[in-house]
Amino acid sequence: MHTTKSERGIQSSPLKSLEEWDDFVKTRYAEEDSGLPASVRDTDKKPDQFRNYGETTPPRVREFYRQNHTYQTRDFVLARKKRFLVKDRAQMGIWEAMEFLNTLVDDSDPDTELTQIEHLLQTSEAIRRDGKSNWFILAGLIHDIGKILCLWGEPQWAVVGDTFPVGCAWSPKIVLHEYFALNPDSRIPEYQSRLGVYSEHSGLDQVDMSWGHDEYLYHVVKDYLPEEALYMIRYHSFYAGHREGEYEYLMSRHDKEMFRWVREFNPYDLYSKAKQRPNVEDLRPYYLDLIGKYFPPQVNW
Ligand SMILES: [Fe+2]
């Protein structure tokens, strides 16, 4: 059987770029966020009818979720943690990791799409403009660096996407929930109960989340940043939790308090994407200084 290059591409990389997933999330929440200040909204994007995700989601995004929901089993997550959390892949400074992420080439248009560093700077600059704390600005700057997993050969479905607990029942509010029927964990009764392998209000730190850039980066930076920033980084794609209020029964009282920060961060993640390109060279000295306040010159990845 013959397959074309683009057919092979869609098998492992259905998204044109990782931002295609970010843009889809933005569209989903645009309507309910229409009251947000203009400073964090992309005014070009109209709220629209993305309610029935099965029918209106672009085919590439749908295929991406099909893979994500099919392959993110509990076994997969535990194996990825074993592989990546030893952090023996590289020693890099934070800015160096941002430059490494910038080498990610995808099918998006280089003339109109921003580079990865420009995306990060847009988020951090929006936070900075609003006069937030240094650690908040820094969380904005680095929150997506974990996408370097793609450069180490990880498929898109194991790098981006809404995250969710594994080893317990999937919330029906997770987008395109129907694809979980394809996940082998759907046939393991223990994983299909409300609490699954966890206990009531055990705290999210005890819960294995689906594997991706959030969880990976959390483990890279957890010794260096205040807890509020770590929550933002670790749970920023956990939309079922921070936007839909699901999985409350797994959260500790402390998680619930700290999710205030995850929610405060979310508009900057969703809506800070202005058309204007940040000037990387002009901003670099400020951010190198900010990074130096929290991080050593080299970090283990
Ligand atoms: Fe992200």
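None of these values were measured; they are calculated from a predicted model.

What counts, and at which threshold
Residues numbered from 1 in each chain as written. Predicted model: local features only at pLDDT ≥ 70, side-chain atom pairs only at ≥ 80, totals over all residues. Heavy atoms only, no water. Buried < 20%, exposed > 50% of the residue type's maximum accessible area, 1.4 Å probe, protein only. Helix = DSSP H or I, 4+ residues; strand = E, 2+ residues; numbered from the N terminus. Arc of directions from axis to C-beta. Contact = heavy atoms within 4.5 Å. Core = buried A, V, L, I, M, F, W, Y, C linked by side-chain atoms within 4.5 Å. pLDDT = per-residue confidence, 0-100. Phe/Tyr/Trp six-rings, centres within 6.5 Å; stacked < 30°, edge-to-face > 60°. Polar contact = N/O pair within 3.5 Å; in protein donor to acceptor, adjacent residues only side chain to side chain. Donors = N, O, S within 2.8 Å, 3.2 Å for Na, K, Ca; no water.

**Regarding helix α5 (residues 74-84)**
Along α5, the residues classified as buried are R74, F76, V77, R80, K81 and F84. Down the axis of α5, the buried set is contained in an arc of 160 degrees. They therefore lie on one face. Opposite the packed face of α5, turned more than 90 degrees from it, sit the exposed residues D75 and K82. Each element contacted by the buried residues of α5 is listed here: α4 (59-71) and α9 (213-221).

**Points about the nonpolar core**
Y65, I142, I145, Y247 and W301 are the most contacted members of the largest nonpolar core, which has 90 residues in total. At eight residues, helix α12 (residues 253-271) tops the list of elements feeding residues into this core. Setting aside residues no more than four positions away along its own chain, Y65 makes contact with W21, F24, V25, R28, D162, V175, L176 and Y179.

**Regarding the confidence of the model for the protein chain**
Averaged over the protein chain, the pLDDT score is 90; the fraction of residues at 70 or greater is 88%. Counting contacts from residues 1-9, a segment whose pLDDT is below 50, to residues more than four positions away or on other chains yields four contacts.

**Structural notes on the packing of aromatic side chains**
For the structure on display, the rule yields 26 aromatic pairs. Seen from their ring centres, Y71 and W157 are 5.0 Å apart, and the 50 degrees between their planes marks the pair as tilted. Of the two residues, Y71 is situated in helix α4 and W157 in the loop between α8 (134-142) and α9; the sequence distance between them amounts to 86 residues. A relative accessible area of 38% places Y71 in the partly exposed class.

**Let's talk about the side chain of H242**
Topologically, H242 is positioned in helix α11 (residues 239-242). Here the side chain of H242 touches H236 through a polar contact of 2.9 Å, landing on its backbone oxygen. Once residues lying within four places of it in the same chain are set aside, the contact partners of H242 are Y235, H236, S237, F259, V262, R263 and N266.

**Some remarks on the coordination of the iron ion**
Protein coordination at the iron ion: the donors are D144 (OD), H213 (NE2) and H236 (NE2), at 2.0 to 2.2 Å from the metal. Look at where the donors of the iron ion fall in the sequence and you get D-x68-H-x22-H. Placement of the pair is H213 in helix α9 and H236 in the loop between α10 (227-235) and α11, with a sequence separation of 23 residues. Judged by its relative accessible area of 0%, H213 falls in the buried class. The exposure class assigned to H236 is buried, which follows from its relative accessible area of 2%.

**Observations regarding unusual backbone geometry**
Positive phi, normally seen in glycine, also occurs at K87, with a value near 55 degrees. Here K87 is to be found in the loop between α5 and β1 (91-92). Residue Y247 is not a glycine yet carries a positive backbone phi of 65 degrees. Relative to the helices and strands, Y247 is located in the loop between α11 and α12.

**Some remarks on the environment of A90**
Residue position: A90 is located in the loop between α5 and β1. Looking at A90, the relative accessible area reads 21%, which means it is partly exposed. Sequence-wise, A90 and Q298 are 208 residues apart; in three dimensions their C-alpha atoms are separated by 9.4 Å. Beyond its immediate stretch of four places on either side in the chain, A90 contacts W152, V299, N300 and W301.

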